[in-house]
Amino acid sequence: MSETVLESPDFDVVDPLAEPAIELNSLRKVYGNKVVVDDLTLSVDFGEVFGFLGPNGAGKTTSIKMLMGLVYPTSGSARLLGRPLGDRAARRQIGFLPELFRFHEWLTGTEFLDLHGQLYGMSRAARAKRIPEVLALVDLSAEARKKIRTYSKGMQQRIGLAQSLLNSPRLVFLDEPTSALDPLGRRDVRAILSRLHSEGVTVFLNSHLLSEVEMSSDRVAIIDHGRVAAIGRIEDLLARDLTVEFRLGPVTPETIAELGTLLRIEQVVSGPHTLITARAPSEELVAQAVDLLSRRQVPVYGVMPERRSLEDVFVDVVSPEREPGR
Amino acid sequence: MNVAIIARLTLREALRRKVILGVVVLSVAFIALYALGFHYFRDNYISLAARRAARPDAGPTPSYSTSASAMVLLGLYTVNFLTGIMTIFAAVGTVAGEIESGTLDAIVPKPIGRWQIIAGKYIGFAIMLSIYIALMVAGVALTSHVVGHYAPPHLVHGTLLVILVSMILLSLTMLGSTLFSTMTNGIIVFMLYGVAVTGGLVEQLGTALNSNTMVHIGIGSSILLPSDSMWRLASYVVQPSLAISFIGPNPLGTTVPPSELAVRYSIVYCIALLVGSMVLFQRRDL
């Protein structure tokens, strides 16, 4: 059997500045009358860790399955590493950990990785070098000779993660990579993500654990009903639609009305100090509001932006009229 | 080469299953029982022939080769039946089961064509089944030779035809596995297998009763699934012509062998169903 060596990419490296690592254009998937993914458009740059979020049934896994060639799009297009979906040269440089991982349980950990190394077209020498590395990375070196059927759920997820990193990929899709892991395991995965990030690997991360996505990702997309409902850098999303509390001196109704042109005022409480609670679409508008108050010579004793979490953003973005149980 | 990787994986998986131990034990038990049966058959034949020779009014005794040939036919029929069942059981969930469990989710995204997965699985099963058939036929032939002192003719030709029967069932089962769930596929393939076997019996009855309608029913079932007609051709080639005419139309064999065209049809049938599996698997969502 002829074997190819994996060390160098077998197609021209896409200029990371010219093309995104992942590009989805109006991707759509319909099963019968049910639209699972509807007009999904987004792009992910090289080297980004990209969080892909959404409620159950939003179409996240179907989207990833389309990108991995497991499910065919009804319409639309996508490119990975500058190549169309299904391109084998691109696939050689892509890693994937499926959500519902189930592997050949009768193989040992080493045999399993050797099989997947062969499928990636790695030479025997490359496999012999790389397999111990990825086993050590996921802390399974001691269990390498045991059959996968004897592994715990968490260990199976770790060996799946090792499989997805076996080919030293430039792009990795991780679908719920920590769902079966305990807190220590999750911390290890975060460390792996951080390492991949520092090595310039593009990571497409689908996880229900929003705190993890918040800690690991550069940008996130929140999808709902198969469409992108929000997308952007984590800081920008967290800064968007801030809740701010102003503690002010005496303020005229005219100034409050003027303030209302910049912010959405939710509550005004008069007393020794006037407390105004308002929603601001961005931090810039908070700065403009402070500037306005200063110009109107209103004493500003405090401006307290409420620190939001990704979970708050997620809850705000996801349609409240979602069907129960989804 | 990706096809070889999948073929090796399929073969290793089949050999590592616990059921393989059961198959080996039962196969050895079958050969042992067959040898015992052949031994008693030979003893009985010799004593029967001696008794008949002592009675001038007794009718003609069938020659030993004719009777021994019937024993070989019985042994090969059992091998053919067992491998048919084994083929269906081995491959019934090979695609559907892996789609249902999600095992393919980690394989399909690799730089490998979907058709290569089907081709690899087919080759893996084909190698395993061919080796099993060859060993079992060799067991029957060796028993016949050592215990029964009888060597059936054209054994290689017959073995190839039994392998063809297995390949027909393998192609059908693989096709079903790309289309249906494991359970549905199992039910459909076993029903079709039953239809083919029954169709073959009806055809033999039609030949004995000189009924064209019954013969046509048999031919129709052979077109739907040519496994039984290839078995009957195998049974025809491994018997001496004298034994065929002496035994006549019977449930295990035939007096009218399927034509060369039927063999070609069976080969095309296998290839068409295999290609169909590849096309369907290529197109379906997982």
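Residues numbered from 1 in each chain as written. Chains lettered and ligands numbered in written order. Predicted model: local features only at pLDDT ≥ 70, side-chain atom pairs only at ≥ 80, totals over all residues.

Caption draft 1: Seen up close, the overall build of chain B. In terms of helices and strands, chain B carries 11 helices and zero strands. Counted from the first residue to the last, chain B has its helices and strands arranged as α-α-α-α-α-α-α-α-α-α-α. For chain B, the spread of C-alpha atoms along the three principal axes comes to 80 × 45 × 30 Å. The 286 residues of chain B split such that 43% are buried. A separation threshold of at least 6 residues defines the contact pool for chain B, and within that pool the share at least 24 residues apart is 80%. (Helix = DSSP H or I, 4+ residues; strand = E, 2+ residues; numbered from the N terminus. Buried ≥ 20, exposed ≤ 12 C-beta atoms within 10 Å, placed from the backbone. Contact = placed C-beta atoms within 7 Å.)

Caption draft 2: Focus on the overall build of chain A. Across its full length, chain A holds 11 helices and 14 strands. Projecting the C-alpha coordinates of chain A onto the three principal axes gives extents of approximately 85 × 45 × 40 Å. By the burial criterion, 40% of the 326 residues in chain A qualify as buried. Long-range pairs, those at least 24 residues apart, make up 71% of the contacts in chain A with a sequence separation of at least 6.

Caption draft 3: Region of interest: helix H10 (residues 283–295) of chain A. Residue and element names in this part refer to chain A. Across its 13 residues, H10 extends 19 Å between first and last C-alpha, which sits within 8% of the 18 Å expected from 1.5 Å per residue. The complete set of buried residues in H10 reads Val286, Ala289 and Leu293. Burial along H10 is one-sided: seen end-on, the buried residues are contained in an arc of 55 degrees. For H10, the exposed residues set more than 90 degrees away from the buried face come down to Glu284, Asp291, Ser294 and Arg295. Check the buried side of H10 and you find it contacts strand S11 (242–248), helix H9 (253–262), strand S13 (274–280) and strand S14 (300–305). Once H10 ends, the next one or two residues include glutamine 297, with phi positive near 55 degrees. (Expected span 1.5 Å × (residues − 1). Arc of directions from axis to C-beta.)

Caption draft 4: Quick peek at helix H5 (residues 153–165) of chain A. All names here are of chain A. Between the first and last C-alpha of H5 there are 19 Å, a value that for 13 residues agrees with the 18 Å anticipated at 1.5 Å per step. Along H5, 10 of the 13 residues are buried, which leaves the element largely enclosed by surrounding structure. Those residues of H5 not exposed but buried are Met155, Gln157, Arg158, Ile159, Gly160, Leu161, Ala162, Gln163, Ser164 and Leu165.

Caption draft 5: Structural context of the nonpolar core. Core analysis: the largest hydrophobic core is formed by 142 residues, its most contacted members being Ile159, Ala162 and Val203 of chain A together with Val162, Ile168 and Leu170 of chain B. Looking at this core, the element that brings in the most residues is helix H5 (residues 114–146) of chain B, giving 14 residues. Aside from chain neighbours lying at most four places away, what touches isoleucine 159 of chain A is Phe103, Gly109, Phe112, Val138, Leu140, Ile148 and Tyr151 of chain A. By size, the runner-up hydrophobic cluster in this structure holds 12 residues, among which are Val244, Phe246, Ala280 and Val286 of chain A. (Core = buried A, V, L, I, M, F, W, Y, C linked by C-beta atoms within 7 Å.)

Caption draft 6: Representation of the confidence of the model for chain B within the structure. Residue and element names in this part refer to chain B. Residues of chain B with pLDDT of at least 70 account for 100%, and the chain-wide mean is 92. Of all the helices and strands in chain B, helix H10 (residues 241–247) carries the lowest mean pLDDT, 81, while helix H6 (residues 155–179) carries the highest, 97. Note on the complex model: pTM 0.86, ipTM 0.86. (pLDDT = per-residue confidence, 0-100.)

Caption draft 7: Just the sheet that holds strand S7 (residues 171–175) of chain A, in detail. All names here are of chain A. The strand order across the open sheet formed by six strands is S6-S7-S8-S3-S9-S10, and the pairing between neighbours is mixed. Every interior strand has two partners, whereas the edge strands, strand S6 (94–97) and strand S10 (227–233), have only one. Ignoring strand direction, the axes of neighbouring strands in this sheet form an average angle of 15 degrees. Sheet analysis places strand S9 (residues 219–224) next to S10, joined by six bridges and oriented antiparallel. By the bridge assignment for S10, valine 220 is matched with glycine 232. Across the sheet, helix H1 (residues 60–67) touches strand S3 (49–53), S7, strand S8 (202–206) and S9, and the angle it forms with S7 is around 145 degrees. Of the strands in this sheet, S6 and S7 touch H5, which is tilted by about 165 degrees from S6. (Pairing = 2+ DSSP bridges. Axes fitted to C-alpha atoms, helices over the stretch in contact; angles between N-to-C directions.)

Caption draft 8: Quick peek at the interface of chain B and chain A. Listed as interface residues are 20 residues of chain B and, on the opposing side, 23 residues of chain A. Ranked by residue count, the leading element in the side of chain B that touches chain A is helix H1 (residues 2–16) of chain B, at six residues. Classifying every residue of the side of chain B that touches chain A gives 11 nonpolar, four polar and five charged. (Nonpolar A, V, L, I, M, F, W, Y, C, P; charged D, E, K, R; others polar.)

Caption draft 9: Region of the structure containing unusual backbone geometry. Residue and element names in this part refer to chain A. Phi at serine 26 is positive, roughly 50 degrees, even though this residue is not glycine. Structurally, serine 26 can be placed in strand S1 (residues 22–31). You can call serine 26 partly exposed: it has 13 C-beta atoms within 10 Å. Positive phi is not limited to glycine here, since histidine 225 has a value of about 50 degrees. In this structure, histidine 225 sits in the loop between S9 and S10. Residue classification places histidine 225 among the partly exposed residues on the basis of 18 C-beta atoms within 10 Å.

Caption draft 10: Structural detail: the sheet that holds strand S5 (residues 83–84) of chain A. Residues and elements named next belong to chain A. Spatial strand order, S2-S1-S4-S5: four strands in an open sheet with antiparallel pairing. Sheet topology places strand S2 (34–44) and S5 at the edges, where each strand pairs with a single neighbour. Examined bridge by bridge, strand S4 (residues 75–80) and S5 share two bridges and lie antiparallel to one another. For arginine 79, the partnering residue across the bridge sits in S5 and is proline 84.

Caption draft 11: Expanded view of the confidence of the model for chain A. Residues with a pLDDT of 70 or more make up 92% of chain A, whose mean pLDDT is 88. Across residues 1–10 of chain A, where pLDDT falls below 50, the model places 18 contacts with residues more than four positions away in sequence or in other chains.

Caption draft 12: Structural detail: the packing of H9 of chain A against H10 of chain A. Residue and element names in this part refer to chain A. Following both chains from N to C, one finds H9 and H10 inclined at 160 degrees, their axes separated by 10 Å at the closest point. Of the possible angle classes, the one that applies to H9 and H10 is roughly antiparallel. Pair H9 / H10 crosses with right-handed handedness. Residues Glu258, Leu259 and Leu262 of H9 touch H10, and the partners they reach there are Leu285, Gln288, Ala289 and Leu292. (Parallel < 35°, antiparallel > 145°, perpendicular 65-115°, else oblique. Left-handed = near helix turned anticlockwise from the far one by under 90°.)

Caption draft 13: Inspection of the domain arrangement of chain A at higher detail. One can read the domain layout of chain A as domain 1 (22–233) and domain 2 (240–311). Taking only C-alpha atoms into account, the centre of domain 1 of chain A sits 43 Å from that of domain 2 of chain A. (Domains from an automatic or database assignment.)

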